[in-house]
Amino acid sequence: MRKTYDREFKLKISQNLLEKKVTTKRISEEYNISRPTISRWVSEYPRYGKNVFFGQGKRLPDKEDFYILEQENKRLTEENEILKKFDTFVKQKK
């Protein structure tokens, strides 16, 4: 099962790292969190300000539109494949 961390924990870790109170290595070992995860938190902290770490399962504001378009593209591609198979089926029946 995937670990989750609350907003306050992520804020505390990010602030401590940005203020150089602790090292990424120490946090990683102490809490058993991967370094890439910690690095992502630290990079998101200044970028999103008060909107950072706003909830589990929610997309980052700048990625939400891309995700919606990606899902729509996937749906349309699947629909197109179904229609192609149906067209082939109809042509074979004639």
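Heads up: the structure comes first, above all this text.
Residues numbered from 1 in each chain as written. Predicted model: local features only at pLDDT ≥ 70, side-chain atom pairs only at ≥ 80, totals over all residues. Heavy atoms only, no water.

Caption draft 1: A look at the pattern of salt bridges. Under the definition given, this model contains 7 salt bridges. Glu44 is the salt-bridge partner of Arg40, the closest N and O atoms lying 3.5 Å from each other. With Arg40 and Glu44 both in helix H3 (residues 35-48), this residue pair falls 4 residues apart, about one helical turn. Look at Glu44 and you get buried, because its relative accessible area is 9%. The shortest N-O distance in the salt bridge between Lys84 and Glu81 comes to 3.7 Å. (Salt bridge = Lys/Arg side-chain N within 4 Å of Asp/Glu carboxyl O. Helix = DSSP H or I, 4+ residues; strand = E, 2+ residues; numbered from the N terminus. Buried < 20%, exposed > 50% of the residue type's maximum accessible area, 1.4 Å probe, protein only.)

Caption draft 2: Molecular detail of unusual backbone geometry. Positive phi outside glycine occurs at Lys20, with the angle close to 60°. Locating Lys20 in the fold gives a position in the loop between helix H1 (7-18) and helix H2 (24-31). One non-glycine residue, Asn32, adopts positive backbone phi at about 55°.

Caption draft 3: Spatial organisation of H1. The terminal C-alpha atoms of H1 lie 16 Å apart, and with 12 residues this matches the ideal 16 Å at 1.5 Å per residue to within 8%. Within H1, the full set of buried residues consists of Phe9, Lys10, Leu11, Ile13, Ser14, Asn16 and Leu17. The inward-facing, buried residues of H1 contact H2 and H3. Phi for Lys20, located one or two positions after H1, is positive at around 60°. (Expected span 1.5 Å × (residues − 1). Contact = heavy atoms within 4.5 Å.)

Caption draft 4: Here's a closer look at the nonpolar core. Formed by 13 residues in total, the largest nonpolar core has its most connected members in Ile13, Leu17, Ile27, Ile38 and Trp41. Looking at this core, the elements with two or more residues in it are H1 and H3. Contact partners of Leu17, with chain neighbours within four places excluded, come to Val22, Thr23, Thr24, Ile27, Ile38 and Val42. (Core = buried A, V, L, I, M, F, W, Y, C linked by side-chain atoms within 4.5 Å.)

Keep in mind these values describe shape, not function.
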